[in-house]
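Chain and residue survey
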Amino acid sequence: MTVFGKIIRGEIPCNKVLENDDFLAFHDINPKAPVHILIIPKKEVQNFQSADAKLIGEMTLFIHEVAKLMGLDKSGYRLITNNGKDSGQEVMHLHFHMLGGSKLLWPHLADADTDTKNFF
Ligand code: AMP
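Throughout what follows, the structure given in this document is the object of discussion. (Residues numbered from 1 in each chain as written. Predicted model: local features only at pLDDT ≥ 70, side-chain atom pairs only at ≥ 80, totals over all residues. Heavy atoms only, no water.)

A word on the pattern of salt bridges
Quick reminder of the rule: Each salt bridge in this description consists of a side-chain nitrogen of Lys or Arg and a carboxyl oxygen of Asp or Glu lying within 4 Å of one another. Only DSSP runs of H or I covering at least 4 residues are called helices, and only runs of E covering at least 2 are called strands; the numbering of each starts at the N terminus. Here's how the labels work: a residue is buried when its accessible area is under 20% of the maximum for its type, exposed when over 50%, partly exposed in between, all with a 1.4 Å probe on protein chains only.
Inspection of every chain in the model, using the stated rule, returns six salt bridges. Here Glu58 makes a salt bridge to Lys54, at a shortest N to O gap of 3.0 Å. Of the two residues, Glu58 and Lys54 both sit in helix α2 (residues 53-70), four residues apart, roughly one turn of that helix. The class of Glu58 is partly exposed, set by a relative accessible area of 31%. Residues joined by salt bridges that share partners form a network here, namely Lys16, Glu19 and Lys42.

Structure follows, in structure tokens:
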């Protein structure tokens with residue numbers, strides 16, 4: 001079981017932001033922005049690629065609620081989901097990172113290997 005599975009079961013604590021029957025939002029333990037919230041489904045889904053459209057649709061509405069609660073719906077936010085090995089996904093339970101609370105930089109693209117010859 002992943003660390004997020006344990007959080008859902010209440011086996012380890014989290015700094016909760018919002019919860020309903022299907023989803024949970026809590027503060028990231030290692031924030032990369034003034035506001036850094038993780039949003040997860042309670043259902044065990046490994047990542048975005050294995051999520052179905054119904055789940056993502058319902059999760060979208062929950063994410064909107066989290067943004068409103070934090071006031072980020074007005075100021076703006078970035079939503080990221082790491083999917084699989086190359087993305088650096090560490091926790092194999094679907095999660096969206098919601099980042100905001102300041103003007104965000106876009107530095108990680110500078111780290112990427114932009115040589116696309118292996119793909120096309
Ligand atoms: P990712 O690399 O997309 O899989 O991101 C996993 C995120 O989970 C990282 O930003 C971690 O800081 C965060 N994280 C790991 N364990 C915990 C925890 N117990 N409570 C809150 N956030 C966590």
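Still more to cover.
Considerations on the pairing of strand β5 (residues 96-100)
Each regular strand carries side chains that alternate between the two faces of the sheet. For clarity, the threshold we go by: Two strands qualify as a pair provided that DSSP identifies no fewer than 2 bridges between them.
Most of β5 sits out of view: five of its five residues are buried. Because side chains alternate across β5, one face comprises the buried residues Phe96, Met98 and Gly100, and the other comprises His97 and Leu99, equally buried. With five bridges joining them, strand β3 (residues 35-41) and β5 adopt antiparallel strand pairing. From the neighbouring strand, Leu38 faces β5, where its bridge partner is His97.

Let's talk about the sheet that holds strand β4 (residues 77-80)
Applied cut-off: Fitted lines through C-alpha atoms give the axes, limited to the stretch in contact for helices. The angle between two N-to-C directions lies from 0 to 180 degrees. Any two residues whose heavy atoms approach within 4.5 Å at even a single point are treated as in contact.
Read from one edge to the other, the open sheet built from five strands follows the order β1-β2-β3-β5-β4, with strand pairing classed as antiparallel. Of all the strands in the sheet, just β1 (16-19) and β4 have a single pairing partner and so form its edges. Looking at each pair of strands side by side, their axes are set apart by 20° on average, direction ignored. Sheet contacts for α2: β1, β2 (23-27), β3, β4 and β5; angle to β3, the most-contacted strand, approximately 150°.

Any functional reading would require information beyond the geometric quantities listed.
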